[in-house]
Amino acid sequence: LPLPEGPFEWTELLQDPYVLLVAARSELAALDAAPPPRELAALPLIGRRTVDEPERFLAGRAPELDVVFRTDDNGTLAAVVASGLGSAIVPRLVVNPGNRDVAMVPFGSRIPPRTIVLAWHRDRYRSPAAEAFVALASEIATD
């Protein structure tokens, strides 16, 4: 959210909190919580090419961030972080929990979570199967 202007309806599925993704061998991996936004400027960061969240949120709250590499591929991002080149601020759902080469350090409420929604065109026919999909997705996301 927000959705672009248009005849859309939507339902919220879940809130996906941001985490600081660090190399498992990093000292940061032992932290209970990610450093405050002002301290993030001291870290080399791996960022996204096409998505500007959470960097847009941090603008004005943290000094200029030191983004040393950008990629939109989750596997590349995790591999670069695992190599120790930098850390990344990512939504928790993009991290493979089975990857033992990286660790997630939570931000808590200091960075708002991304909201994942399911959207559709309000004026288009929604089949019973589409309606069932929305209901099932909502149920699974709640779990």
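Just above sits the structure.
What comes next is a walk through the structure. Fair warning: this is a prediction, and the values are worked out from it, not measured in the lab.

So, the overall build of the protein chain
Right, so step 1: Helices and strands together make up the secondary structure of the protein chain, namely 4 helices and 7 strands.
Right, so step 2: Of the regular secondary structure in the protein chain, the N- to C-terminal order runs β-β-α-β-α-β-α-β-β-β-α.
Right, so step 3: A principal-axis box enclosing the C-alpha atoms of the protein chain has dimensions of 50 × 35 × 25 Å.
Right, so step 4: Here the protein chain holds 143 residues, and 31% of them are scored as buried.
Right, so step 5: If you take every contact in the protein chain between residues at least 6 apart in sequence, the share linking residues at least 24 apart comes to 70%.
Right, so step 6: Carbon and sulfur atoms provide 53% of the accessible area of the protein chain, an area that totals close to 8,900 Å².
Right, so step 7: Where the 14 positive side-chain charges of the protein chain centre and where its 19 negative ones centre are 2 Å apart.

Concerning the environment of Pro37
Right, so step 1: Topologically, Pro37 is positioned in helix H1 (residues 37-40).
Right, so step 2: Sequence-wise, Pro37 and Ile111 are 74 residues apart; in three dimensions their C-alpha atoms are separated by 8.7 Å.
Right, so step 3: Those residues within four positions of Pro37 in sequence are excluded, and the remaining contacts are Leu58, Arg61, Ala62, Pro63 and Arg110.

What about unusual backbone geometry?
Right, so step 1: Glu53 connects to Pro54 through a cis peptide bond whose omega is 5°.
Right, so step 2: Among the structural elements, Pro54 can be located in the loop between strand S3 (44-47) and helix H2 (55-58).

A short note on the pattern of salt bridges
Right, so step 1: Inspection of every chain in the model, using the stated rule, returns 6 salt bridges.
Right, so step 2: Salt-bridge contacts for Glu9 lead to Arg122; the nearest nitrogen and oxygen are separated by 4.0 Å. With Glu9 in strand S1 (residues 8-16) and Arg122 in the loop between strand S7 (114-121) and helix H4 (128-142), this residue pair connects regions lying 113 residues apart in the sequence.
Right, so step 3: We classify Glu9 as partly exposed; its relative accessible area is 34%.
Right, so step 4: Two residues, Asp16 and Arg114, come together in a salt bridge whose shortest N-O distance is 2.8 Å. Here Asp16 is found in strand S1, whereas its partner Arg114 is found in strand S7, with 98 residues between them in sequence.
Right, so step 5: Note on Arg114: relative accessible area 29%, which makes it partly exposed.
Right, so step 6: Through salt bridges with shared partners, a single ionic network connects Asp52, Glu53 and Arg56.

Reading the values: the criteria
- Residues numbered from 1 in each chain as written.
- Predicted model: local features only at pLDDT ≥ 70, side-chain atom pairs only at ≥ 80, totals over all residues.
- Heavy atoms only, no water.
- Helix = DSSP H or I, 4+ residues; strand = E, 2+ residues; numbered from the N terminus.
- Buried < 20%, exposed > 50% of the residue type's maximum accessible area, 1.4 Å probe, protein only.
- Contact = heavy atoms within 4.5 Å.
- Areas by Shrake-Rupley, 256 points an atom, 1.4 Å probe, with all protein chains shown as cover.
- Lys, Arg positive; Asp, Glu negative; His and termini not counted.
- Charge placed at Lys NZ, Arg CZ, Asp CG, Glu CD.
- Salt bridge = Lys/Arg side-chain N within 4 Å of Asp/Glu carboxyl O.

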